[in-house]
Every structure is written in structure tokens, then in C-alpha cells.
2 protein chains.
Amino acid sequence: MSKHQKEMALLKEHLGKHQLKYTRQRELILDAFLKQEHITAEELYHQLSRKDPHLGLATIYRTLNLFCEAGLAQARHFGTQTQYDNVSHKGHHDHLICTECGKIVEFENCDIERLQEEVATRNGFIIKTHRLELYGLCSRCQH
Amino acid sequence: MSKHQKEMALLKEHLGKHQLKYTRQRELILDAFLKQEHITAEELYHQLSRKDPHLGLATIYRTLNLFCEAGLAQARHFGTQTQYDNVSHKGHHDHLICTECGKIVEFENCDIERLQEEVATRNGFIIKTHRLELYGLCSRCQH
DNA sequence: AAGTTAATTGAAATAGGTTATCAATTTCAA
DNA sequence: TTGAAATTGATAACCTATTTCAATTAACTT
């Protein structure tokens, strides 16, 4: 009895619609992925290589991209790497970043998100995800 | 007599503070960069290779990164490439990006910016710059 | 239950964008 | 003008992500 019934059902639905197969690897990767809020392919690869040393990195990438198409994950390019966000973890958060010391504070602001929706609607867009980063100096670095 | 006195002054100030030198290449790249609203290193390379065939791609990358440090440019990762935004282009603008066709709509929203300031203040930060990107589907790609 | 077909996998090669290396050149201060 | 230090161009190296391909596996058929 898996903990992720809903997500697994979603995945199976997507697989069925596209003549894709439900494999041991996809199940393994799904379980590991859903425990995270966001993760890179590389990190997931290392986590899983303990359980199954033969699982290839290419399979991780292929499967994470599959999750994106199935609506379970969302890719976000952050620096040089791609973060795969777990969509079922609804608390999306934004970042305050100190350019001096690198400190990162996460925050969430409903008012900002509402205004974002307004802007999108006004331009005919439907937002699937977003990124907001505020760069500046934290209290300790202001001198 | 360059058109970009202000930006050039900013660059020279940064160079002076960091024991860096003002070179012919940096001047060339600055002039070309400031004519754009945003551009990739590759694109800039091709534009400039007509004027100066010996200008190397590595120099473009180095210089664009320098501009980021000097506060003239801002890097934005889109897909596999990096867009360098011209900060001096009137009023900072944010982006609505279609994940399907790549269409980019620029917008500005004072209310969002005000809320950002509030969040920063609440966390003891002083914002120097920010980045807001909304990803989704444009009106034409919603089917 | 065995056979068939098409999707999937792992390993390695490849791709694409960006950065590091290094000898030669250029800037800038003395 | 000279000399130390930064910069450049060419290319190699790097890193992340995708493609290739033969072997394997899932799922449908009989």
C-alpha cells in the first residue's frame, strides 16, 4: 500500500493515454521524488543509487521529464542546474537572496501571487509556475 | 562621444574599484550590449564578429559576467541558454514566458514591487534588484 | 502460459552552453 | 618608457542533459 496513491494514479493515467509502460524504475523514482519538495536529477540519482546501483542517470532524466508531462513535476532552471519541483507540495516559496554572504530566506506572499495572476490574465496567459527572487543585502551585510 | 555616458561611467567606477582595466573589447561589447533589451552571449558574438572578427566568445562571456557584477546586466536562465538583460533599459521589467513557444511579454507592476519591498523590510533586507518570471501558456498555446 | 510487439533500460557516446587554461598582448601607473 | 598585472583569443575542459543502440521488459494476443 503506497503512500502516494493519488500521484501514482495520475501517472498511470498518463501512461495509459500515451501507450507507455509502468515499470519498476518509474515506480522507484516516483516514490523517491514525491518525498522531496524539489530536487535535481543528479541528487535523485545519488539517493537511488544506494537502493538500486544499476539505475542509470539517463533514466532519471527521462523519468523526471515524464513526470513533467504528466503534471506531477515542474522543471525550473536555477543557476546551471534544473530543479524538478514536486507539484503536489503546494507551498510554493520565493527567495530573498543576500548578494554579499549568500544567505537565502524563503517566503510566501499571497498578495503578490494574486497580482501575478492578474497580470497574466490581462495578457492572456495561464500561469503554470513562477520564480521570484529578491536580491539585496541582509541585515548583517548592510555595513 | 558615446551615447552611453552614464553606463560607461558606472562600468569605469566598477573597474576602478576592482583593479580592472578599461579595454577596447569591453567598450565594444558595452556599446553593442546597451543597444539591446536582452541578448544571449552567442547572439552578441555573432553581431560583433562582423565588426571585429577576432573577438572571442570567451571574452563575450567574461564581459557579460563582468557587467552583471557591475550592475549593468542581469543574467536570466531560460531553457538551456542564459539571457543577459540590460538593466538600464527604462524601468526594470519582469517577464511572462510561454513555456510552449518561448514568447516573452514584458510587464511592470508597481503594486508587486511595493509588496516586494514590504517582504524585504520585514526580513531586514535591502533590495538592490529582483527577478520575477511567470511561466505558463500564452493565449495561442493553450490548446 | 507462451509468443509477439513495442516501449524501456543502462551504458556510453554525443550535444550544447559556459568556464578554465595559458602564452601572447595590452593597459596603466610609476 | 618601463614593468607588473590584467586581459585577450584560441582551444581544451567541464557540466548538465539528451541521444543512440543492443539487450531487456511490459503488456497484449492467442
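Residues numbered from 1 in each chain as written. Chains lettered and ligands numbered in written order. Predicted model: local features only at pLDDT ≥ 70, side-chain atom pairs only at ≥ 80, totals over all residues. Heavy atoms only, no water.

Peer 1: Outline the domain arrangement of chain A, supporting the account with residue identities and numerical values.
Peer 2: Residues and elements named next belong to chain A. Segmenting chain A into domains produces domain 1 (5–86) and domain 2 (94–141). Once you take the C-alpha centre of each, domain 1 and domain 2 turn out to be 26 Å apart. Taken together, the contact between domain 1 and domain 2 spans four residues of the former and five residues of the latter. Both sides together, the interface formed by domain 1 and domain 2 hides about 440 Å², and carbon and sulfur atoms give 46% of it. Sorting the residues of domain 1 by area buried against domain 2 places Gln74, Arg76 and Phe78 first, and these three jointly supply 78% of that buried surface. At the boundary of domain 1 with domain 2, the tally comes to zero salt bridges. The tally of links between domain 1 and domain 2 comes to two residue pairs in polar contact (both at pLDDT 80 or more). When its residues are assigned to classes, the side of domain 1 that touches domain 2 shows one nonpolar, two polar and one charged. (Domains from an automatic or database assignment. Contact = heavy atoms within 4.5 Å. Buried area = accessible area lost by both parts, 1.4 Å probe. Salt bridge = Lys/Arg side-chain N within 4 Å of Asp/Glu carboxyl O. Polar contact = N/O pair within 3.5 Å; in protein donor to acceptor, adjacent residues only side chain to side chain. Nonpolar A, V, L, I, M, F, W, Y, C, P; charged D, E, K, R; others polar.)

Peer 1: Can you break down the protein's contact with DNA strand C residue by residue, with the values?
Peer 2: The environment of DNA strand C is made up of 21 residues, and the closest members are Arg26 and Thr59 of chain A together with Lys21, Tyr61 and Thr82 of chain B. In DNA strand C, atoms within 4 Å of the protein come 79% from sugar and phosphate. In the model, a phosphate oxygen of DNA strand C is placed 3.0 Å from a nitrogen or oxygen of the tyrosine 22 of chain B main chain. Counting residues per element, the ones that place at least two in the surface near DNA strand C are α2 (24–34) and α4 (57–70) of chain A together with α4 (57–70) and β3 (81–86) of chain B. Top element by residues in the surface near DNA strand C is α4 of chain B. It accounts for four residues. Class assignment for the residues of the surface near DNA strand C results in six nonpolar, 10 polar and five charged. (Near = heavy atom within 4 Å. Helix = DSSP H or I, 4+ residues; strand = E, 2+ residues; numbered from the N terminus.)

Peer 1: Could you give an account of the sheet that holds β3 of chain B, naming the residues involved and the relevant values?
Peer 2: All names here are of chain B. Overall, antiparallel pairing links the three strands, which are arranged β1-β3-β2 in an open sheet. On the outer flanks of this sheet lie β1 (38–40) and β2 (73–78), each paired with one strand and no other. Going from strand to strand, the sheet's axes swing by 30 degrees on average, the running direction of each strand aside. In this sheet, β3 lies alongside β2 in antiparallel orientation, the contact comprising six bridges. Its bridge partner lying in β3, glutamine 74 is registered against aspartate 85. Its contacts with the sheet put helix α2 (residues 24–34) on β1, β2 and β3, and the angle it makes with β3 is roughly 85 degrees. (Pairing = 2+ DSSP bridges. Axes fitted to C-alpha atoms, helices over the stretch in contact; angles between N-to-C directions.)

Peer 1: I'd like a rundown of the environment of isoleucine 39 of chain A, residues and numbers included.
Peer 2: Take isoleucine 39 of chain A: it is sitting in strand β1 (residues 38–40). Residues isoleucine 39 of chain A and glycine 71 of chain A lie 32 residues apart in sequence; the distance between their C-alpha atoms is 16 Å.

Peer 1: Outline the packing of α2 of chain B against α4 of chain B, listing residues and values.
Peer 2: Residue and element names in this part refer to chain B. Running from amino to carboxyl end, α2 crosses α4 at an angle of 70 degrees, the nearest separation of the two axes being 10 Å. Judged by the angle between their axes, α2 and α4 are roughly perpendicular. For α2 against α4, the interelement crossing comes out right-handed. Counted together, Gln25, Arg26, Ile29, Leu30 and Phe33 of α2 and Thr59, Ile60, Thr63, Leu64, Leu66 and Phe67 of α4 form the full contact between these two elements. (Parallel < 35°, antiparallel > 145°, perpendicular 65-115°, else oblique. Left-handed = near helix turned anticlockwise from the far one by under 90°.)

Peer 1: Go over the protein's contact with DNA strand D, please, and point to the residues and values.
Peer 2: If you check the shell around DNA strand D, you find 21 residues, and the closest are Tyr61 and Thr82 of chain A together with Arg26, Thr59 and Arg62 of chain B. Sugar and phosphate atoms form 76% of the subset of DNA strand D atoms that lie within 4 Å of the protein. Between DNA strand D and lysine 21 of chain A, the relevant distance is 3.0 Å, taken from a base nitrogen to a side-chain nitrogen or oxygen of the residue. In the model, a phosphate oxygen of DNA strand D is placed 2.5 Å from a nitrogen or oxygen of the arginine 26 of chain B side chain. Mapped by element, the contributors of at least two residues to the surface near DNA strand D are α4 and β3 (81–86) of chain A together with α2 and α4 of chain B. The dominant element in the surface near DNA strand D, judged by the number of residues it contributes, is α4 of chain A, at four residues. Its residues placed into classes, the surface near DNA strand D shows six nonpolar, 10 polar and five charged.

Peer 1: Before we move on, could you go through the sheet that holds β1 of chain A and cite the residues and values that matter?
Peer 2: All names here are of chain A. Read across the sheet, three strands follow the order β1-β3-β2 without closing on themselves; strand pairing throughout is antiparallel. Every other strand in the sheet has two partners, leaving β1 and β2 (73–78) as the edge strands with one partner each. Averaged over all pairs of adjacent strands, the angle between their axes in this sheet comes to 30 degrees, without regard to strand direction. Relative to β3, β1 runs antiparallel, the two being bridged by three bridges. Across the sheet, threonine 40 pairs through a bridge with glutamine 83, a residue of β3. Taken strand by strand, α2 contacts β1, β2 and β3, and its axis lies near 85 degrees from that of β3.

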